Every structure is written in C-alpha cells, then in structure tokens.
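Read off the chains here:
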Amino acid sequence: MLKHIRAVLFDLDGTLIDSAPDLGAAADKMRLDRGLSSLPYALYRPLAGAGARGMLKIAFDMTPEHADFMAMREEFFANYEAAMTVKTYVFDGVQDLIAGLQARDLPWGVVTNKMARFTDPLTQAMPLFASASAIVSGDTTPHPKPHPEPMFEAARRLGLAPELCLYVGDDERDIVAGRAAGMRTVAANYGYLGEKTDISSWGADLKIDSPIQLLQLLG
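This part takes up the packing of helix α4 (residues 69-82) against helix α6 (residues 116-125). Where α4 meets α6, the closest approach of the two axes is 11 Å, and the angle between their N-to-C directions is 10°. The orientation of α4 relative to α6 falls into the category roughly parallel. Side by side, α4 and α6 meet where E74, F77, A78, Y80 and E81 of the first sit next to R117, F118 and L122 of the second. Tallied by class, residues from the contact of α4 with α6 come to five nonpolar, no polar and three charged.

Evaluation of the coordinates by the stated rule reveals eight aromatic pairs. With 6.3 Å between their ring centres and 5° between their planes, F76 and Y80 make a pair best called stacked. Note that F76 and Y80 are positioned in helix α4 at a spacing of four residues, about one turn of the helix. Taken individually, F76 and Y80 each receive the classification buried, so the pair is uniform in this respect. Every member of this aromatic cluster is reached through a ring pair, and the members are F76, F77, Y80 and F118.

Another aspect to go through is the nonpolar core. Of all hydrophobic cores here, the largest spans 51 residues; its most connected members are F10, L101, W108 and L214. Beyond its immediate chain neighbours, meaning those up to four positions away, L101 contacts V8, F10, L106, W108, L215 and L218. Counting residues in each nonpolar core, the second largest holds 14 residues, with A7, M151, A154 and A177 among its members.

Turning our eyes to something else, we now look at the pattern of salt bridges. Overall, the coordinates contain 14 salt bridges when judged by the stated rule. Here K145 makes a salt bridge to D11, at a shortest N to O gap of 3.0 Å. A residue pair is termed long-range when its members are at least 10 positions apart, and K145 in the loop between β5 (134-136) and α7 (149-158) and D11 in the loop between β1 (7-10) and β2 (17-18) qualify at 134 residues. What makes K145 buried here is its relative accessible area of 3%. Owing to a relative accessible area of 7%, D11 belongs among the buried residues under this scheme. Put simply, E75 and R34 hold a salt bridge, and the shortest N to O gap is 2.7 Å. On the criterion of sequence distance, the pair formed by E75 in helix α4 and R34 in the loop between α1 (20-33) and α2 (41-44) is long-range, its members being 41 residues apart. Judged by its relative accessible area of 24%, E75 falls in the partly exposed class. Through salt bridges with shared partners, a single network forms among E149, E153, R156 and R157.

Every other side chain in a regular strand lies on the same face of the sheet, so the side chains alternate between the two faces. Burial of β1 is two-sided: the residues A7 and L9 facing one way and the residues V8 and F10 facing the other way are all buried. Sheet topology places β1 next to strand β6 (residues 165-169); four bridges connect them, and they run parallel. Among the inter-strand pairings, A7 is bridged to a residue of β6, identified as C165.

Turning next to the pairing of strand β7 (residues 184-188). A large share of β7 lies buried, amounting to four of its five residues. Of the strand pairs in this sheet, β6 and β7 are connected by four bridges, and their pairing is parallel. Each bridged residue has a counterpart across the sheet, and for Y167 the counterpart in β7 is T185. Assessed by its sense of winding, the connection that carries the chain from β6 through helix α8 (residues 172-180) to β7 is right-handed. Direction of pairing for β7 relative to strand β8 (residues 206-208): parallel, over a ladder of three bridges. Its bridge partner being in β8, V186 is matched across the sheet by L206.

It is worth spelling out unusual backbone geometry at this point. In this chain, K145 is followed by P146 through a cis amide linkage whose omega measures 20°. Looking at the secondary structure, you find P146 in the loop between β5 and α7. Non-glycine residue D61 carries a positive phi angle of around 50°. Tracing the backbone through its elements, the reader meets D61 in the loop between α3 (51-60) and α4. The backbone of D105 sits at a positive phi, close to 55°, despite the residue not being glycine. With respect to the element layout, D105 can be found in the loop between α5 (94-103) and β4 (108-111). Judged by relative accessible area, D105 falls into the exposed class, the value being 67%.

Analysis parameters
- Each chain has its residues counted from 1, following the order in which its sequence is written.
- Local features in this predicted model are restricted to residues of pLDDT 70 or higher, and side-chain atom pairs are both shown and tallied only at a pLDDT of 80 or more, whereas totals for entire chains, interfaces and linings draw on every residue.
- The side-chain values count all of the structure's non-hydrogen atoms but skip hydrogen atoms and water molecules.
- Here, axes are lines fitted to C-alpha atoms. For helices the fit covers the stretch in contact, and angles between N-to-C directions go from 0 to 180 degrees.
- Strands here mean DSSP runs of E at least two residues long; helices mean DSSP runs of H or I at least four residues long; both are numbered from the N terminus.
- Angle categories are assigned with fixed cut-offs, so that under 35 degrees is roughly parallel, over 145 is roughly antiparallel, 65 to 115 is roughly perpendicular, and the rest are oblique.
- By definition, residues are in contact when any of their heavy atoms lie within 4.5 Å.
- Under this grouping Gly is polar, as are all residues other than the nonpolar Ala, Val, Leu, Ile, Met, Phe, Trp, Tyr, Cys and Pro and the charged Asp, Glu, Lys and Arg.
- Classification of ring pairs rests on two measures: the distance between centres of Phe, Tyr or Trp rings, Trp counted by its six-membered ring, which must be within 6.5 Å, and the angle between planes, read as stacked under 30 degrees, edge-to-face over 60 and tilted in between.
- Relative accessible area decides the class of each residue, using a 1.4 Å probe on protein chains only: under 20% of the type maximum gives buried, over 50% gives exposed, and in between gives partly exposed.
- Residues enter a nonpolar core if they are buried and are Ala, Val, Leu, Ile, Met, Phe, Trp, Tyr or Cys, with the set joined through side-chain atoms within 4.5 Å.
- By salt bridge we mean one thing: a side-chain nitrogen of Lys or Arg within 4 Å of a carboxyl oxygen of Asp or Glu.
- Whether two strands pair comes down to DSSP finding at least two bridges between them.
- Viewed with both strands pointing away, a crossover whose connecting path from the first strand over the helix to the second turns clockwise is right-handed.

Structure representation (structure tokens):
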C-alpha cells in the first residue's frame, strides 16, 4: 500500500511532540490567577489536540459561544506563548523515525492546525525540525484541517503530487484532510485522540501504536 510513497507529513501536537503539559499549564494558570484550584493534568491531556477550545472547556467549562471566550482565548494564548517549551518533548521513537525516513531519502514535513504564531518559534526551538522540508500552520492557508488545502500546500512545498505523500495524525480531522487531498493516511493511536477514541471509524488506511512502527509499514 505504501510502496509509492515519496514523502511523509505529520500532524504536530500528539503525533510528533507531546505539548499537552504546556497547554494544560497555560489553562491551569488562568484558574490559579482567579483563585481557583488547580485541576489534574489528566483532565487536560485528552483535549490537548483541540488547543484553546479544548483547554478552556476543561478549565472553565467554556465553549466558543460564551461571550468571554475570545478574551479568555487570548489570555490562554499569551500564557502558552510565554512557556511553550517548558515541558513539551518529542515522543519516544520519533527521533529514530525521522532518522529512518532520512536514511530512506524520504523528505518529511508538518501540517498542523497550530497557528504560525506558535508553530514557528516552537519548531525553531526544537532541533528535530531542522530537517523538515515543509511546515504548514493552521493559518498558512485560508482553511485549516479538515479542509485539504493545508495538505495541498505542503505537497506543493515538497514538489510532489499529493497522492505521493503519506499523512500521519492523531485526530479525525487529520484523516479527513489527508483523504480529501488524495493522500494515504495513518492514524496515530498513541496521540491525544480527542473525546472520541474509536479511531477505526476515521477511515485511515493504517494505524500505528508507536512512532517507530511507521518505519515497519514503510518497509
């Protein structure tokens, strides 16, 4: 199934890096600043892939329809921006995975819904991303995932047809976007997975339980 693949693209949070500790801390600081008690990290982690929306839902049971949501979101962004790499780390096996892709002469890149405001400094601060051939953020194109346009943009930057690219992600939006762009897709079963954990319903071509397993699938 993957013999024709010429490049591999990844989601960022929950797929290559575990940023949930810093995302959760940014929201929890908002609680502490208001005299509220700290919440367990385990509550924040499952919704880390949803960014501000997920973190504010956990911290304050606040949805985007709330009148104060935009102001609270900006406060969350400011907290996160000030401490993006305190506890964020690369998932076990990712370094070996990227080294394996390079050994196979397969370029790689990132397509994330994280805004460039955060993606750029974060990836510049982490040595892993020095070898990435494309990094596409949530606001690089007019539409974020699940729209396929970010996927098309990444393929353009790689100089490849989308169908020659493989996309790996831990959220249903990742799989929807990859499929809409004509890419083969892999669901990362070790990621955040959101509130819905039945990844078999996402329609991914394959799934992996660890980053290094991708190399085995690529052969």
